[in-house]
Amino acid sequence: MGERNKTSDAIILNITRQGENNWTATLLSPDSGIFYATVYGGPKSKLRSLVQKFNIGKLYYYDDSQRNLRKISDFDVIYYHQTFSTDIYKIWAANLGAELVIKTKAAGDYQNTYTLLCAFLNGIDACDEKGARLGTLRFLWRYLKLLGVQPDTSYCVSCSSPVEAGNTQEGNCATHYFPNMNGFLCGDCLSSYNQSKENMNQALPVSRNALEYLRAINTQTPGKVRAMTISADDAYDIKRLVYILAEQAAGCKLKTLESGALIL
C-alpha cells in the first residue's frame, strides 16, 4: 500500500458546498492533474479560509484510492489574489480560465497548464483592468496552442501560401478566419471563396495589427508582448476569435462566457 499522505503544488480552481459544513475543491496539480478533494469544516474554520478559489500553494492531503477519497489536511498559500475581490472583470476572467482548463482536462499536459494558469492569475492580479483584458487574450491564445488547436496565422489553410491582410470592403486592413476550416485564407483563396455569401457570413475578419499581435505572442518573450499596445478594435477582433476557439476546444458553450457576456 502506497503512502496516503501526499503533498503537491496546486491551484484551487473551484469550491462547491458538500452537505452542511463541508466543501469539495477542484484542484489542478502539475503532478496529479485535475482532481477533487473534500474540505472538512464550517465557513469559520482555518482550513476553509485557506482553501479559496484561485489560491496557489502547497497542498497537503490524504489520498485513499481504494475508497476514492481525497481529503485536504492543510494548504500553505503562496499566492492569493487580493484584487479579485474588488475587480469584477478579473474574477470573471479567472473563472473563464479555470472553466476552460477543467472542460479541456488541462490538455493532458498538467505541468505546462499549471505554469500557464499560475502566470495568468498572478499577472492579471498585478495589473489594471486594461492590462488584465489583454492578459486574458494572451492566456487563451497560448492555451489554445497547448491544446493543439491554435490556427496558423502565417499560412493559408487552403493553399499554404503566406497569409497577408488585404483591404476589405469597409476599407480596413484585414484577413479572415473561417471556423469550419480552423484557419485563415490568403487573398487569392479568399477571392474565390467569398463568392458564397454563406461562406463569408461565417468568416471573422481579423485586422493586420491583431494578426501581428497574435504572432508576437507565439514568438516574442512575455515581457516584450506585454509592452506592446493595440487598439480597442484590434483587441475586439482577437477577443471574438479566441472566444470562439475556446468554445470549439471545450466542445460546448462556456457558462462563464454566457453569464458574463457583458463583463468579458
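Residues numbered from 1 in each chain as written. Predicted model: local features only at pLDDT ≥ 70, side-chain atom pairs only at ≥ 80, totals over all residues. Heavy atoms only, no water.

Peer 1: Even after reading the chapter, I still don't get the packing of aromatic side chains, so can you show me in this structure?
Peer 2: The description of an aromatic ring pair uses the distance of the two centres, along with the angle that the planes make with each other. According to the stated counting rule, one finds five aromatic pairs in the structure shown. Arranged with centres 6.0 Å apart and planes meeting at 75°, the rings of F54 and F84 form a pair that is edge-to-face. Taken as a pair, F54 in the loop between α1 (46-50) and β4 (56-64) and F84 in the loop between β5 (69-79) and α2 (88-103) lie far apart in primary sequence, 30 residues in all. Comparing F54 with F84 shows no difference in burial state: the two are buried. Measuring from ring centre to ring centre gives 4.4 Å for F120 and F139, while their planes differ by 15°; the resulting arrangement is stacked. Taken together, the positions of F120 in helix α3 (residues 110-126) and F139 in helix α4 (residues 129-147) put the pair 19 residues apart, joining distant regions of the chain. Relative accessible area serves as the criterion here: at 3%, F139 is assigned to the buried category. (Phe/Tyr/Trp six-rings, centres within 6.5 Å; stacked < 30°, edge-to-face > 60°. Helix = DSSP H or I, 4+ residues; strand = E, 2+ residues; numbered from the N terminus. Buried < 20%, exposed > 50% of the residue type's maximum accessible area, 1.4 Å probe, protein only.)

Peer 1: What am I meant to see in the nonpolar core here?
Peer 2: Across soluble globular proteins, nonpolar side chains have a tendency to be buried as a group. Counting 61 residues, the largest nonpolar core has I11, L117 and L121 as the members making the most contacts within it. Filtering out sequence-adjacent residues up to four positions away, L117 remains in contact with I11, L13, L28, G97, V101 and F139. Counting residues in hydrophobic clusters, the runner-up holds 15 residues, among them I12, W23, A25 and F35. (Core = buried A, V, L, I, M, F, W, Y, C linked by side-chain atoms within 4.5 Å. Contact = heavy atoms within 4.5 Å.)

Peer 1: Help me out: how do you make sense of the side chain of T24 in this one?
Peer 2: Topologically, T24 is positioned in strand β2 (residues 22-29). Of the residues examined, T24 reaches a relative accessible area of 17% and is grouped as buried. Looking at T24, its side chain comes within polar contact range of the side chain of Q18, at 2.5 Å. Apart from residues lying up to four places away in sequence, T24 is in contact with N14, I15, T16, Q18, Y36 and A37. (Polar contact = N/O pair within 3.5 Å; in protein donor to acceptor, adjacent residues only side chain to side chain.)

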